[in-house]
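Below are the chains, spelled out letter by letter.
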Amino acid sequence: AMLTPDKVQIAIPTRGSVYFGTLVRLQAIMAKAPTLPPVMYEAGTLGVDYVRNQIVKRFLHGSCEALLMVDDDIMPNGDVMQLLDVDADIVAAPYLFYRAPEMRIPAPCVFRKNAAGRYAILSDPFSQTGIQPVAAVGTGCMLVHRRVFEHPDLKPPFTLVCDEDGCLVRTEDVEFCDRATRAGFTIKAHWDLPCEHVHTNVGLLSLHRGYEKAYSCARTIEDEHRLVQVAS
């Protein structure tokens, strides 16, 4: 059965401050889809996995068929309700994320499995369009069907993975997607619905250095391409 807005619960996990732009955008979305239930807010400071699990618990007590989680620093795309039409168990609207110091420039929070079987950002992240199957997605703007949360292998849904020293190995969103995939569920990204991510604590100098490196790589590729054209 096709999802309708009255069967979708929008929920916002927050540490207590929801970005102004998030609220304004949600108001516009709800004006276009007036049958949407009231937005659910869940605040907590113990950890993002705990807050997400609280949301899922409340969602499962209701009658909605899908949960659309929107982080408190994400402005969802104005057409985000198009996620309802995607044939997938989990579907996300991409947004850029940045994790210092290992990432030099922001990249979409969408992942593939690399040759070593690890989750990695896409090798060509900036030219994607349409709806694509992917290995994992971030939870910043993610629609999940009820059947996923009801599956016994997805209880509890959100867990952080740590090594024997207690250091974080995998975040709760990628781990959720990993377990969902193993349970047989499908995951897609809708590249035509990009979201704004209002990110704090970005070091602008390291960002500049990252772009310097990216541009020098691009110039090298361009020069090599020109040399090939001249030689051929």
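Here's a quick rundown of the structure. All of these numbers come straight from a predicted model, not from anything done at the bench. (Residues numbered from 1 in each chain as written. Predicted model: local features only at pLDDT ≥ 70, side-chain atom pairs only at ≥ 80, totals over all residues. Heavy atoms only, no water.)

**Section: the nonpolar core**
Then step 1. Counting residues in hydrophobic clusters, the biggest one holds 62 residues, and the most contacted among them are Leu68, Ile90, Val137, Leu143 and Phe176.
Then step 2. No other element matches the 5 residues that strand 3 (residues 66-70) contributes to this core.
Then step 3. Residues in contact with Leu143, not counting those within four places in the same chain, are Leu3, Val8, Ala66, Leu67, Leu68, Leu83, Leu84, Asp89, Ile90 and Val91. (Core = buried A, V, L, I, M, F, W, Y, C linked by side-chain atoms within 4.5 Å. Buried < 20%, exposed > 50% of the residue type's maximum accessible area, 1.4 Å probe, protein only. Helix = DSSP H or I, 4+ residues; strand = E, 2+ residues; numbered from the N terminus. Contact = heavy atoms within 4.5 Å.)

**Here's the deal with the pattern of salt bridges**
Then step 1. Across all of its chains, the model carries 9 salt bridges by this definition.
Then step 2. With its nearest N and O atoms 2.9 Å apart, the salt bridge here joins Arg58 to Glu42. In this pair, Arg58 sits in helix 2 (residues 48-61) while Glu42 sits in strand 2 (residues 40-43), placing the two residues 16 residues apart along the sequence.
Then step 3. You can call Glu42 buried: its relative accessible area is 12%.
Then step 4. We note a salt bridge from Arg52 to Asp71, for which the minimum N-O separation is 3.1 Å. Highlighted residues: Arg52 in helix 2 and Asp71 in the loop between strand 3 and strand 4 (74-75), separated in sequence by 19 residues.
Then step 5. We classify Asp71 as buried; its relative accessible area is 14%.
Then step 6. Taken together, the shared-partner salt bridges connect Arg170, Glu175, Asp178 and Arg182 into one network. (Salt bridge = Lys/Arg side-chain N within 4 Å of Asp/Glu carboxyl O.)

**Considerations on the pairing of strand 1 (residues 8-14)**
Then step 1. Among the 7 residues of strand 1, 7 are classified as buried, and the element is accordingly described as predominantly covered.
Then step 2. Residue alternation in strand 1 divides its side chains into two sets, Val8, Ile10, Ile12 and Thr14 and Gln9, Ala11 and Pro13, and both sets are buried.
Then step 3. Crossover handedness for the path strand 1 to helix 1 (residues 20-32) to strand 2: right-handed. (Right-handed = clockwise from strand over helix to strand, strands pointing away.)

**Observations regarding the sheet that holds strand 8 (residues 110-113)**
The pairing of strands in a sheet happens through backbone hydrogen bonds and is either parallel or antiparallel.
Then step 1. Spatial ordering of the open sheet is given by 9-8-11, a layout of 3 strands whose pairing is antiparallel. For this open sheet the edge positions go to strand 9 (119-121) and strand 11 (136-137), each flanked by a neighbour on one side alone.
Then step 2. Taken together, the 3 bridges between strand 8 and strand 9 define a ladder with antiparallel strand orientation. Along strand 9, the bridge assignment pairs Lys113 with Tyr119. (Pairing = 2+ DSSP bridges.)

**Observations regarding helix 2**
Turn by turn, an α-helix covers 3.6 residues, leaving residues three or four places apart pointing in a common direction.
Then step 1. Taking 1.5 Å of rise per residue, 14 residues should cover 20 Å, and helix 2 covers 20 Å from first to last C-alpha, within 8% of that figure.
Then step 2. Those residues of helix 2 that are buried lie in contact with strand 1, strand 2, strand 3, helix 3 (146-150) and helix 4 (172-182). (Expected span 1.5 Å × (residues − 1).)

**Examining a nonpolar patch on the surface**
Then step 1. Taken together, the side chains of Tyr19, Phe20, Val24 and Val198 define a hydrophobic patch exposed on the protein surface, amounting to about 360 Å² of accessible area.
Then step 2. Along the chain, Val24 falls in helix 1. (Patch = residues over 30% accessible without salt bridge, like charges linked within 9 Å, V, L, I, M, F, W, Y side chains within 5 Å. Areas by Shrake-Rupley, 256 points an atom, 1.4 Å probe, with all protein chains shown as cover.)

**Details of the pairing of strand 15 (residues 187-190)**
Then step 1. The pairing of strand 5 (residues 90-92) with strand 15 spans 3 bridges and is parallel. If you follow Ile90 over to strand 15, its bridge partner there is Ile187.
Then step 2. Bridging between strand 10 (residues 131-133) and strand 15 involves 3 bridges; their strand directions are antiparallel. Within strand 15, the residue paired with Gln132 across the bridge is Ala189.

**Structural notes on the environment of Pro125**
Then step 1. Examined against the element boundaries, Pro125 turns out to sit in the loop between strand 9 and strand 10.
Then step 2. Residue Pro125 is classed as buried on the basis of its relative accessible area, which comes to 13%.
Then step 3. Linking Pro125 and Pro108, residues 17 residues apart in sequence, is a C-alpha distance of 6.5 Å.
Then step 4. Setting aside anything within four residues of it in sequence, one finds Pro125 in contact with Pro108 and Trp191.

**With respect to the sheet that holds strand 12 (residues 141-145)**
Then step 1. If you walk across this open sheet you meet the 7 strands as 2-1-3-12-5-15-10, and the pairing is mixed. The open sheet has two free edges, formed respectively by strand 2 and strand 10, since each of these has just one partner strand. Neighbour to neighbour, the strand axes of the sheet diverge by 25° on average, direction disregarded.
Then step 2. By the bridge criterion, 4 bridges tie strand 1 to strand 2 in an arrangement that is parallel. Bridge pairing in strand 2 links Pro13 to Glu42. (Axes fitted to C-alpha atoms, helices over the stretch in contact; angles between N-to-C directions.)

In short, geometric facts, not functional conclusions.
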